[in-house]
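Each chain, letter by letter, is given below.
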Amino acid sequence: MDTPRRVEHQQTDRGYIPVYATGVVEQPWSDYSATDHAVWAQLFRRQRAILPGRACREFMENVERIGMSADAIPKFDDLNRVLRQATGWELVGVEGLLPDHVFFDHLAHRRFPVTWWIRKPEQLDYIAEPDLFHDLFGHAPLLMNPVFADYMQAYGRGGMKAHGIGADALMNLTRLYWYTVEFGLIRTDEGLRIYGAGIVSSKGESIHSLESAAPNRLGFDLERVMRTRYKIDTYQQTYFVIDGFEQLFEATRPDFAPLYAKLKPLSAYPAGEVLPTDKVYQRGSGEGWVRSGDV
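J.: A description of the packing of helix H4 (residues 100-108) against helix H7 (residues 167-182) should follow, citing residues and the corresponding values.
T.: One way to put it is that H4 packs onto H7 with a least axis distance of 13 Å and a crossing angle of 55°. Taken together, the axes of H4 and H7 lie oblique to each other. Both H4 and H7 take part in a crossing whose hand is left-handed. Between H4 and H7, the residues in contact are Asp100, Phe103, Phe104 and Leu107 and Leu170, Leu173 and Tyr177, respectively. Residues of the contact of H4 with H7, tallied by class, amount to 6 nonpolar, no polar and 1 charged.

Written out as structure tokens, the structure reads:
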């Protein structure tokens, strides 16, 4: 079988332009180079060194439980045997970024797409799109948690409905994913902890999200999150804090159609804005913020 394609964003004079893939592919594990395995090992060891005391207990425990280590890039088939037994989810290999409706369909059927290829050595600290390390290390461990696993499936089902409603609904839902699954914080008895995949897979943001004085840390509110713009290529200016994974699952129970209709005529909030109604864990200093480029 031919090696699957490595589908990456294209760099143009207007910045990165996303390029989408759609199919499911077999993980070409035997084709990974020594460099690929070395990149995985370096990233894995680095994150495992800095995440204790920063990432939530559920994430840390499930990295071990699912069977990841620094020894080599994990085989999806090996992880799937554990994951299916735990929550009925499975990992499927993809070539790159997926269109929304394809991504939602996978989640709705308890399949998580994982990019088969890993970043290059010169991309250790930043890559413009999800790669194998982000998808696998960042997302897979929490799919072992039954409540979070159910939230992800509910999100996928909601995404399929939003896709049929229109672009505004999709943007509202995208913001929810961004500020929870990718860049969410959780309140624990030990203090604020990380659970978002975009944070736990990044050395810099793992530290910035909890310890920097620059960002806001605000209590989770569904409508607030759905109206809040975000940053793609800088650290986040605002992080939203959940009280527990049950809060996320309960937030996805209602039909979002009336909520989308309510939000449609309302303007979005800038990424760094703090409202009088917000529950504020920390009002950010704003140091180093880029004031443009909100999505």
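J.: Kindly report on the sheet that holds strand E9 (residues 238-242), identifying the contributing residues and their values.
T.: Through backbone hydrogen bonds, the strands of a sheet pair up, either in parallel or in antiparallel fashion. Read from one edge of the open sheet, 5 strands run E7-E6-E9-E8-E10, paired in mixed fashion. Across the chains shown, the open sheet's two edge strands, defined by having one partner strand only, are strand E7 (191-194) and strand E10 (280-282). If you compare each strand with its neighbour and ignore which way they point, the axes differ by 35° on average. Sheet topology places strand E6 (residues 185-188) next to E7; 4 bridges connect them, and they run antiparallel. When the bridges of E7 are listed, Ile186 appears paired with Arg193. Contacts from helix H9 (residues 203-211) reach E6, E7, strand E8 (216-219) and E9 within the one sheet, and its direction differs from that of E7 by about 155°.

Criteria and cut-off values
- Residues numbered from 1 in each chain as written.
- Predicted model: local features only at pLDDT ≥ 70, side-chain atom pairs only at ≥ 80, totals over all residues.
- Heavy atoms only, no water.
- Axes fitted to C-alpha atoms, helices over the stretch in contact; angles between N-to-C directions.
- Helix = DSSP H or I, 4+ residues; strand = E, 2+ residues; numbered from the N terminus.
- Parallel < 35°, antiparallel > 145°, perpendicular 65-115°, else oblique.
- Left-handed = near helix turned anticlockwise from the far one by under 90°.
- Contact = heavy atoms within 4.5 Å.
- Nonpolar A, V, L, I, M, F, W, Y, C, P; charged D, E, K, R; others polar.
- Pairing = 2+ DSSP bridges.

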